[in-house]
Amino acid sequence: MSITKSPWIIHYNGSSCNGCDIEVLAVLTPMYDVERFGIINTGNPKHADVLLVTGAVNEQSIRVVKQIYDQMPAPKVVVAVGICASSGGIFRECYNIIGGADKVIPVDVYVPGCAARPEAIIDGVVKGIGVLAEKQAALLRGDTDEAVPGAYIYEGPHDDDGSLITEEEVEE
Ligand code: SF4
C-alpha cells in the first residue's frame, strides 16, 4: 500500500503572526483546494504524515511541537512554513523565542516567504511527499531509525524539560 499519493497533514502555529496561517488556510480551502490531490487536513497527529509548522517556536510552544511530532507515526515529514518557522524570522531576537522549528524537531522542508505564498506551501508539501516516500522505502527496507532522518519512534511521555519520563517515575 502506498500512502504517498494521499498524505494527511496537521498544522500547528508555533507563535505565528497568523500571516502564514492564513496562507495555509488558503491552501486547504477552495481557492487552492489541495484536497483535490488527496491532501487532507487532520486535527489528530496519529493520523498525520506531514506536520506544517508556522511561526517561530517560543518557550510555551516547545512542548506542544514536540508532542505533536512524537505522536505522529513514522514515516513522517515536517515542513517549516515561512521564515519564522524556518529560523525565527523577524522575531528571532525576541526574549522568549527559541528559533525555528528545527530547534525542537527535525525539519525536512523549509518554505521561504513572509508570508509564505500558497504556491510555495504547496511546493513544500509536494517536496515533503517525496521525502516521505524515501523514508517509507527506507523503513520497508528495514533501515535503522538513524538512517531515516526525521523518523521517530515514540518512547513515552516527556516532562516539562523535554526529558523522557521513566517507568519508575510514572509509578511514583
Ligand atoms: S513569516 Fe511573516 S507572515 Fe509568516 S508568521 Fe512570520 S512574520 Fe508572520
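Above: the structure in question.
Rules used throughout
Residues numbered from 1 in each chain as written. Predicted model: local features only at pLDDT ≥ 70, side-chain atom pairs only at ≥ 80, totals over all residues. Heavy atoms only, no water. Buried < 20%, exposed > 50% of the residue type's maximum accessible area, 1.4 Å probe, protein only. Helix = DSSP H or I, 4+ residues; strand = E, 2+ residues; numbered from the N terminus. Contact = heavy atoms within 4.5 Å. Core = buried A, V, L, I, M, F, W, Y, C linked by side-chain atoms within 4.5 Å. Phe/Tyr/Trp six-rings, centres within 6.5 Å; stacked < 30°, edge-to-face > 60°. Lys NZ or Arg CZ within 6 Å of the ring centre and 35° of its normal. Salt bridge = Lys/Arg side-chain N within 4 Å of Asp/Glu carboxyl O. Pairing = 2+ DSSP bridges. Near = heavy atom within 4 Å. Nonpolar A, V, L, I, M, F, W, Y, C, P; charged D, E, K, R; others polar. Axes fitted to C-alpha atoms, helices over the stretch in contact; angles between N-to-C directions. Parallel < 35°, antiparallel > 145°, perpendicular 65-115°, else oblique.

## So, helix α1 (residues 19–28)
For an α-helix the count is 3.6 residues per turn, leaving residues at separations of three or four pointing the same way.
Point 1. Of the positions making up α1, those classed as buried are Cys-20, Asp-21, Val-24, Ala-26, Val-27 and Leu-28.
Point 2. Along its buried surface, α1 packs onto β1 (8–13), β2 (40–41), β3 (50–54), β5 (77–81), α3 (82–87) and α4 (118–141).

## Notes on the nonpolar core
Soluble, globular proteins show a tendency: their nonpolar side chains are buried together.
Point 1. Residues Leu-52, Val-79, Val-81 and Ile-121 are the most contacted members of the largest nonpolar core, which totals 21 residues.
Point 2. Elements represented by at least two residues in this core include exactly α1, β3, β5, β7 (109–111) and α4.
Point 3. The residues contacting Ile-121, other than those within four sequence positions of it, are Cys-20, Glu-23, Val-24, Val-27, Leu-52, Val-81, Val-111 and Ala-116.
Point 4. Within the second largest apolar cluster, 17 residues are counted, among which are Ala-48, Met-72, Ala-85 and Val-107.

## Notes on the packing of aromatic side chains
The description of an aromatic ring pair rests on the distance of the ring centres and on the angle between the ring planes.
Point 1. Scanning the entire structure with this criterion turns up zero aromatic pairs.
Point 2. If you follow Lys-76 out to its NZ or CZ, it ends over the ring of Tyr-69, 4.0 Å from the centre.

## Considering the pattern of salt bridges
Point 1. For the structure shown, the criterion picks out two salt bridges.
Point 2. One salt bridge connects Asp-108 with Lys-135, and the closest N-O pair in it is separated by 3.0 Å. In this pair, Asp-108 sits in the loop between β6 (97–99) and β7 while Lys-135 sits in helix α4, placing the two residues 27 residues apart along the sequence.
Point 3. Under the relative-accessibility criterion, Lys-135 is labelled buried at 4%.
Point 4. Taking the shortest distance from any N to any O, the salt bridge between Arg-117 and Glu-119 comes out at 3.6 Å.
Point 5. Assessed through its relative accessible area of 54%, Arg-117 is described here as exposed.
Point 6. Exposure remark for Glu-119: the relative accessible area of 35% places this residue in the partly exposed category.

## Regarding the side chain of Thr-54
Point 1. By the element assignment, Thr-54 lies in strand β3.
Point 2. The class for Thr-54 is buried, based on a relative accessible area of 0%.
Point 3. If we skip the residues at most four places from it in the chain, Thr-54 touches His-11, Tyr-12, Asn-13, Gly-14, Ser-15, Ser-16, Cys-20, Asp-21, Val-24, Val-81 and Ala-85.

## With respect to the pairing of β3
Point 1. Summarising burial for β3: five of the five residues are buried, a large majority.
Point 2. The pairing of β1 with β3 spans five bridges and is parallel. Bridging from a neighbouring strand, Asn-13 pairs with Thr-54 of β3.
Point 3. The sheet contact formed by β3 and β5 spans five bridges and is parallel. Looking across to β5, one finds that Val-53 is bridged to Ala-80.

## Some points on the site of the ligand
Point 1. By nearness alone, every residue bordering the ligand is listed as Ser-16, Cys-17, Gly-19, Cys-20, Ile-83, Cys-84, Ile-90, Phe-91, Gly-113, Cys-114 and Ala-115.
Point 2. Looking at the shell around the ligand, the elements that each hand over two or more residues are α1 and α3.
Point 3. Counted by class, the shell around the ligand contains eight nonpolar, three polar and no charged residues.

## Re helix α2 (residues 62–71)
Point 1. For α2, the complete set of buried residues consists of Val-65, Ile-68, Tyr-69 and Asp-70.
Point 2. Packed against the buried residues of α2 are β1, β3, β4 (57–58) and β5.

## Focus on the packing of α1 against α4
Packed helices, taken two at a time, are described by their axes: the angle between them and the distance between them.
Point 1. Direction vectors running N to C along α1 and α4 enclose 70°, while the axes themselves pass 9 Å from each other. If you check the angle between α1 and α4, you find them roughly perpendicular. Contacts from Cys-20, Glu-23, Val-24, Ala-26 and Val-27 of α1 reach α4 at Pro-118, Ile-121 and Ile-122.
Point 2. Broken down by class, the residue content of the contact of α1 with α4 amounts to seven nonpolar, no polar and one charged.

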